[in-house]
Amino acid sequence: MLLSLAIWIPILAGLAVFALGGDERAPAQRWFALAGAVLGFLVTIPLYTGFDASSAGFQFEEKKLWIETFNIHYHLGVDGISVLFVLLNSFITILIVLAGWSVIDNKVGQYYGAFLIMSGLLNGVFAALDAVLFYVFFEGTLIPMFIIIGVWGGPNRVYAAVKFFLYTLLGSLLMLVAMLYLYNKAGGSFSITDWHHVPLPLGVQIVLFFGFLFAFAVKVPMWPVHTWLPDAHTEAPTGGSVVLAAILLKLGAYGFVRFTLPILPDASKELAWLMIALSLVAIAYIGLVTLVQTDMKRLIAYSSVSHMGFVTLGFFIFNAYGVEGGLIQMISHGFVSAAMFLCVGVLYDRMHTRMIGDYGGVVNTMPKFASFAMLFAMANAGLPATSGFVGEFLVIMGAMQTSFWIAFVAATTLVFGAAYTLWMYKRVIFGAVANDHVAKLKDLNAREFAVLAALAAAVLLMGIYPLPFTEVMHASVNELLRHIGSPKI
Amino acid sequence: MSSMEFLSHLRALPEMWVLVATCVLMILDLYSRDEQRRVAFYGAQAIVGVAFFLTLYVVYESEGTRQIIFNGMYVSDVLGHLLKLVCYVATSAALVYSRQYLADRGLLRGEFVTLLLFSLLGMMVMISAASFLTLFVGLELMSLCLYALVALNRDSALSTEAAMKYFVLGALSSGLLLYGMSMIYGATGTLNLYEVAGHAGRLAASATDRTFLVFGLVFLVAGLAFKIGVVPFHMWIPDVYHGAPTAVTLIVGAAPKIAAFAMAMRLLVNGLPDLARDWQQMLALLAFLSMALGNITAIAQTNIKRMLAYSTIAHMGFMLLGMLSGVVDGNNNNAAAAYSSAVFYIIVYVLMSLGAFGMLLYCSRAGFECENLDDLKGLNRTNPWYAFLMLILMFSLTGIPPTAGFYAKLAVLSAAVNAGQIWLAVSAVIFSLIGAFYYLRIVKLMYFDEAKERVRATRSTGFAIALSANGLALLVLGIAPWPLMNMCFEAIKAL
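Rules of the game
- Starting from 1, residues in each chain are numbered consecutively following that chain's sequence as written.
- As a convention, the first chain written is A and the first ligand written is 1, with the rest following in written order.
- The predicted origin of the model limits local features to residues at a pLDDT of at least 70 and limits the giving and counting of side-chain atom pairs to 80 or more, whereas totals for whole chains, interfaces and linings rest on all residues.
- In DSSP terms, a helix is any run of H or I states spanning at least four residues, a strand is any run of E spanning at least two, and both are numbered starting from the N terminus.
- We compute the radius of gyration from the C-alpha atoms alone; for a globule the expected value is 2.2 Å times N to the 0.38, where N is the number of residues.
- Working definition of a contact: two residues with C-beta atoms, positioned from the backbone, lying within 7 Å.
- To sort residues by exposure, count the other C-beta atoms lying within 10 Å of each residue's C-beta; 20 or more gives buried, 12 or fewer gives exposed, and values between give partly exposed, all with C-beta atoms placed from the backbone.
- DSSP bridges decide pairing: two strands pair if at least two such bridges lie between them.
- Throughout, the ten residues Ala, Val, Leu, Ile, Met, Phe, Trp, Tyr, Cys and Pro are labelled nonpolar, Asp, Glu, Lys and Arg are labelled charged, and all others, Gly among them, are labelled polar.
- How sure the predictor is of each residue is captured by pLDDT, a score from 0 to 100.
- Here, axes are lines fitted to C-alpha atoms. For helices the fit covers the stretch in contact, and angles between N-to-C directions go from 0 to 180 degrees.
- Each angle receives one of four descriptions, namely roughly parallel if under 35 degrees, roughly antiparallel if over 145, roughly perpendicular if within 65 to 115, and oblique otherwise.
- Helix crossings are classified by the rotation of the near helix relative to the far one: an anticlockwise turn of less than a right angle makes the crossing left-handed, while a clockwise turn makes it right-handed.
- How far a helix is expected to stretch is found by multiplying one less than its residue total by 1.5 Å.
- As used here, the arc belongs to the directions running from the helix axis to the C-beta atoms.

A. Fine view of the overall build of chain B. Each helix and strand counted, chain B has 21 helices and two strands in total. In terms of overall size, chain B behaves like a compact globule, its C-alpha atoms giving a radius of gyration of 22 Å where 495 residues would be expected to give roughly 23 Å. Principal-axis analysis of the C-alpha atoms places the extent of chain B at approximately 70 × 55 × 40 Å. Taking all contacts inside chain B whose residues are at least 6 apart in sequence as the whole, residues at least 24 apart take part in 79%.

B. Region of interest: the overall build of chain A. From N to C terminus, chain A includes 23 helices and two strands. For chain A, whose C-alpha radius of gyration is 21 Å, the value lies close to the compact-globule estimate of 23 Å for 489 residues. Principal-axis analysis of the C-alpha atoms places the extent of chain A at approximately 70 × 55 × 40 Å. Going through the 489 residues of chain A one by one, you find that 62% of them count as buried. Within chain A, contacts between residues separated by at least 24 positions form 80% of all contacts whose residues are at least 6 apart in sequence.

C. Region of interest: the environment of leucine 467 of chain B. Residue and element names in this part refer to chain B. As for its placement among the helices and strands, leucine 467 is situated in helix α20 (residues 461-479). Classification of leucine 467 by C-beta neighbours within 10 Å gives buried; the count is 25. Along the primary structure leucine 467 and valine 96 are separated by 371 residues, whereas in three dimensions their C-alpha atoms are 9.2 Å apart. With residues near it in sequence (within four places) discarded, leucine 467 still touches Gly355, Gly358, Tyr362 and Leu389.

D. A look at the pairing of strand β1 (residues 59-67) of chain A. Residues and elements named next belong to chain A. Note that β1 and strand β2 (residues 72-78) share six bridges and pair antiparallel. Paired with lysine 64 across the two strands is tyrosine 74, which belongs to β2. Linking β1 back to β2 in an antiparallel pair, the connection comprises four residues, with asparagine 71 at a positive phi of about 55°.

E. Structural context of the interface of chain B and chain A. Taken together, the contacts link 24 residues of chain B with 28 residues of chain A. For the side of chain B that touches chain A, the secondary-structure elements that each account for two or more residues are α18 (404-418), α19 (422-448) and α21 (482-493) of chain B. Top element by residues in the side of chain B that touches chain A is α19 of chain B. It accounts for 11 residues. Its residues assigned to classes, the side of chain B that touches chain A comprises 19 nonpolar, four polar and one charged.

F. Looking closely at the confidence of the model for chain A. Of all residues in chain A, 100% have pLDDT values of 70 or greater, and the mean over the chain is 85. Summarising per-element confidence for chain A, the mean pLDDT is lowest in helix α20 (residues 436-439) of chain A (78) and highest in helix α5 (residues 131-140) of chain A (90).

G. View of the environment of alanine 225 of chain B. All names here are of chain B. Residue position: alanine 225 is located in helix α9 (residues 207-228). Overall, the presence of 25 C-beta atoms within 10 Å leaves alanine 225 in the buried class. For the pair formed by alanine 225 and leucine 177, sequence separation is 48 residues and the distance between their alpha carbons is 9.9 Å. Every residue in contact with alanine 225, bar those within four places of it in the chain, is listed here: Val230, Phe233 and Leu286.

H. Layout of the confidence of the model for chain B. With 98% of its residues at a pLDDT of at least 70, chain B reaches an overall mean of 88. This complex was scored by the predictor with a pTM of 0.90 and an ipTM of 0.86.

I. Structural view of unusual backbone geometry. For the bond from valine 220 of chain A to proline 221 of chain A, the omega torsion is -15°, close enough to zero to count as cis. Positionally, proline 221 of chain A belongs in the loop between α9 (202-219) and α10 (228-235). Cis geometry marks the peptide bond from valine 231 of chain B to proline 232 of chain B; its omega dihedral reads 5°. As for its position among the elements, proline 232 of chain B is in the loop between α9 and α10 (236-243). Even without being glycine, phenylalanine 318 of chain A reaches a positive phi, approximately 55°. Along the chain, the position of phenylalanine 318 of chain A falls in the loop between α14 (296-315) and α15 (320-351). One non-glycine residue, histidine 352 of chain A, lies in the positive phi region at around 55°. Its location among the elements puts histidine 352 of chain A in the loop between α15 and α16 (362-365).

J. Representation of the packing of helix α5 (residues 110-127) of chain B against helix α6 (residues 132-150) of chain B. Residues and elements named next belong to chain B. Following both chains from N to C, one finds α5 and α6 inclined at 155°, their axes separated by 7 Å at the closest point. As the angle between them shows, α5 and α6 are arranged roughly antiparallel. When the axes of α5 and α6 are compared, the crossing they make is left-handed. Facing α5, whose interface residues are Leu115, Leu116, Phe118, Ser119, Leu121, Gly122, Met123, Val125 and Met126, α6 presents Thr134, Leu135, Val137, Gly138, Leu139, Leu141, Met142, Cys145, Leu146, Ala148 and Leu149.

K. How the structure looks around the packing of α18 of chain B against α19 of chain B. All names here are of chain B. For the pair α18 and α19, interaxial distance at closest approach is 8 Å and the crossing angle is 155°. The angle between α18 and α19 places the two elements in the roughly antiparallel class. Both α18 and α19 take part in a crossing whose hand is left-handed. Contacts from Lys409, Leu413, Ala416 and Val417 in α18 reach Ile422, Leu424, Ala425, Ala428 and Ser432 in α19. Tallied by class, residues from the contact of α18 with α19 come to seven nonpolar, one polar and one charged.

L. Inspection of the environment of glutamate 490 of chain B at higher detail. Residue and element names in this part refer to chain B. Relative to the elements of secondary structure, glutamate 490 occurs in helix α21. Taking the C-alpha atoms as reference points, glutamate 490 and valine 78, 412 residues apart in sequence, are found 7.4 Å from one another. For glutamate 490, the residues in contact, after removing those within four places along its chain, are Gly64 and Val78.

M. Local environment of helix α23 (residues 474-485) of chain A. Residue and element names in this part refer to chain A. If you check α23, its first and last C-alpha atoms are 16 Å apart, about what 12 residues at 1.5 Å a residue would give, namely 16 Å. Taken as a whole, α23 has its buried residues at Ser476, Val477, Leu480 and Ile484. The buried residues of α23 occupy an angular sector of 100° when projected down its axis, which confines them to one face. Exposed side chains of α23 directed beyond 90 degrees from the buried face belong to Arg482 and Gly485. On its buried face, α23 sits against α11 (238-263), α12 (265-270) and α15.

Okay, here's the thing in structure tokens:
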């Protein structure tokens with residue numbers, strides 16, 4: 001019941017915000033959206049407190065027959081891996097509502113409606129245990145995101161929105177065919193857990209692997225199908241960038257954990273070299289690309305690609321350090337990238353430019369902001385005692401067990417990450433006041449302060465005391481590794 | 001004739017009612033003045049409504065059984081009932097959507113209503129045909145009415161040209177169909193589809209007779225492809241959709257698809273199941289070409305009606321995926337799932353097509369045709385509710401969940417994958433990705449662009465309710481598709 005509530009409360013709240021009408025009711029819509037988001041978060045808390053960390057199975061399960069002719073079930077449940085993402089998503093939704101509070105004054109109802117509906121759909125993706133249900137939620141998120149980028153985005157928003165939509169649709173359609181094939185092979189079942197036990201010859205596994213790979217690689221995004229991300233991020237409004245970076249990118253990585261690794265273990269092992277290679281390219285090459293960006297949002301977008309490379313690298317080295325490191329990195333990136341985009345949003349709302357060159361000496365006028373930005377920049381660079389460090393450290397350690405050189409290339413991120421983040425920080429924040437606009441900047445207001453403080457707390461907590469995050473996932477990760485370890489040919 | 005035998009003919013009550021009532025309406029219409037023309041519309045609605053309930057009554061009385069009456073001319077079965085009910089809904093929606101549009105253009109004439117109802121009768125006869133003869137009579141009744149409807153605006157050169165093309169190509173395709181039928185008749189010696197099935201099964205075993213049957217089959221499939229509108233027999237579709245007044249395009253694009261689909265089911269699935277291997281290959285080629293050409297060509301269109309015409313072609317290709325996946329290596333296990341997926345697809349498609357053209361009618365005003373893509377610009381600003389409905393329609397046409405279009409695609413793709421047609425399924429999804437582009441463009445125009453001028457169209461309450469119900473139906477079917485899916489499944493099981 002809790003999972004259904006986590007899915008449907010935001011969706012219904014979103015529809016209600018829509019129904020409230022036009023912009024003349026904007027204040028009511030804002031408060032209503034906030035209430036919906038907070039309520040949506042509150043119902044997910046028992047998911048964590050009531051979670052039995054010793055069990056690897058799915059908890060809070062709900063199962064009802066949905067479409068009889070295809071044996072499709074409304075089947076929800078979370079394990080130690082997905083429960084954290086439901087919480088993360090519901091938490092981020094509150095921040096998004098707050099972040100757009102006074103900034104969005106055009107079609108407010110539609111803006112908040114789209115975000116809340118998307119939040120519900122995203123919870124659905126993480127909770128779905130039936131492949132069609134998963135697909136419905138997975139694809140359903142495209143519609144609100146398309147609208148968000150296209151309506152409230154920057155100057156080149158139409159291009160970005162269409163590119164985002166078509167890229168992701170291509171991937172997911174191929175995944176649909178792969179799912180239908182598995183449905184057929186599993187004797188007419190769309191249950192993901194049933195699929196874990198379907199024997200498949202290696203050749204078939206490899207074809208299916210690519211079917212799923214397209215869908216998930218585009219979402220992660222992995223090099224070389226990452227090019228939609230900088231465009232989408234740059235053009236999206238702040239809230240859109242936040243949800244894109246913090247949650248939507250996690251769908252792809254989550255898909256690997258939920259589908260590819262346990263269902264196609266042999267193909268995963270067979271093609272691990274490819275995945276590792278692509279991940280390393282993302283980490284090292286995209287790290288270099290990030291260095292030369294002049295647009296702050298673009299820079300963070302590329303750094304996201306690089307960080308997500310760590311996640312896929314962790315998954316495909318098949319040991320507990322790697323997988324747990326990847327998962328931690330996903331959550332940490334959810335906080336850090338959200339915080340980074342919100343920081344850019346704070347500046348953009350005041351200056352209406354994202355170019356690094358238009359800034360300089362912001363610390364003189366916005367000291368509070370500069371301190372927060374410092375923390376998040378450090379976290380993005382993976383400094384110890386921030387959340388960014390834990391995941392990267394675990395993945396590098398896991399990689400070391402496989403091969404020194406993989407670990408070596410992966411570790412370059414510590415250099416590049418520090419370089420691009422701190423260099424951007426230096427150019428924007430430090431130095432003399434660059435121009436009149438910067439001189440007129442006002443420091444954070446209470447709302448912005450609260451949003452950034454919440455994220456700062458999360459980043460520090462995760463960096464200093466990651467146990468609450470890791471302990472829930474141990475059992476499920478071991479179960480996953482057991483699946484990978486048992487051949488299905 | 002015993003009374004029992006006579007009573008069994010009551011299963012054709014809906015057809016009898018539509019025939020008699022339409023004749024009465026036609027005569028009454030002769031004596032009515034132009035100002036009273038609305039009454040004819042309400043009369044037509046009433047006729048369709050009563051037919052709906054008569055069919056429901058027949059459904060209730062027949063309890064899912066099949067019965068062949070009128071000396072093997074007419075079959076009453078669940079599939080027929082279901083498709084007829086959809087035809088009523090489509091016709092009724094067409095009446096609601098088109099009234100204001102026609103009135104604005106001085107086309108609100110009695111002929112419109114009469115022709116529409118007679119074409120409905122033709123469809124009903126086609127849907128329930130158990131013999132080549134009934135099938136052909138129904139087809140001609142429907143087609144002739146539609147030709148005349150396309151030419152309704154006789155002062156428009158475009159409409160007249162479209163009607164002429166439609167007529168000539170339609171006649172050609174009828175000829176092809178008739179030729180095919182005569183071949184099959186020559187081989188089997190019977191016009192009754194169920195007897196044809198029996199004979200054909202026997203004949204197909206011998207190579208010589210099989211060649212003869214397949215020869216006839218080629219013409220049948222070509223004729224069917226014309227009527228359904230799939231590549232390479234699609235040439236009339238864009239011109240007719242474009243040339244006809246939008247209200248008529250809406251009619252041509254909805255219920256006749258159901259009838260053509262029923263015809264294909266009757267001829268191929270009921271009549272020639274033993275040649276499945278042969279016609280499946282033909283349909284596979286038609287499906288592939290339609291999806292490819294329809295989706296790619298639609299991108300280049302700036303006229304929405306033409307764009308939707310090409311989208312129709314692509315969708316019919318998709319629908320064929322379900323039809324061609326029924327029998328695998330002589331094995332009928334998946335037949336029910338495959339054929340019911342095609343039924344589901346065509347029904348959902350008709351709902352989408354009605355909604356899309358309904359939106360065009362909504363945006364058109366007196367002296368202004370909403371035809372070009374740019375005419376939809378900024379609809380979200382001027383009228384958010386209708387923009388939202390169109391958004392649902394477009395995403396449904398694309399096949400994005402949670403809309404009905406997704407389950408339609410899921411069903412046919414699943415059928416194709418089950419039948420081992422993996423490559424056809426993969427090419428289908430790639431073409432539907434290409435198709436997504438032009439549907440998205442409409443969403444983009446409505447939501448991301450600013451309107452050129454701000455005119456709020458005004459429409460009757462009935463129109464608003466019908467269009468909203470139409471759009472929301474796709475959303476509701478997207479969340480709860482099982483009632484309709486089960487109905488389609490039942491219909492096929494009883495075939």
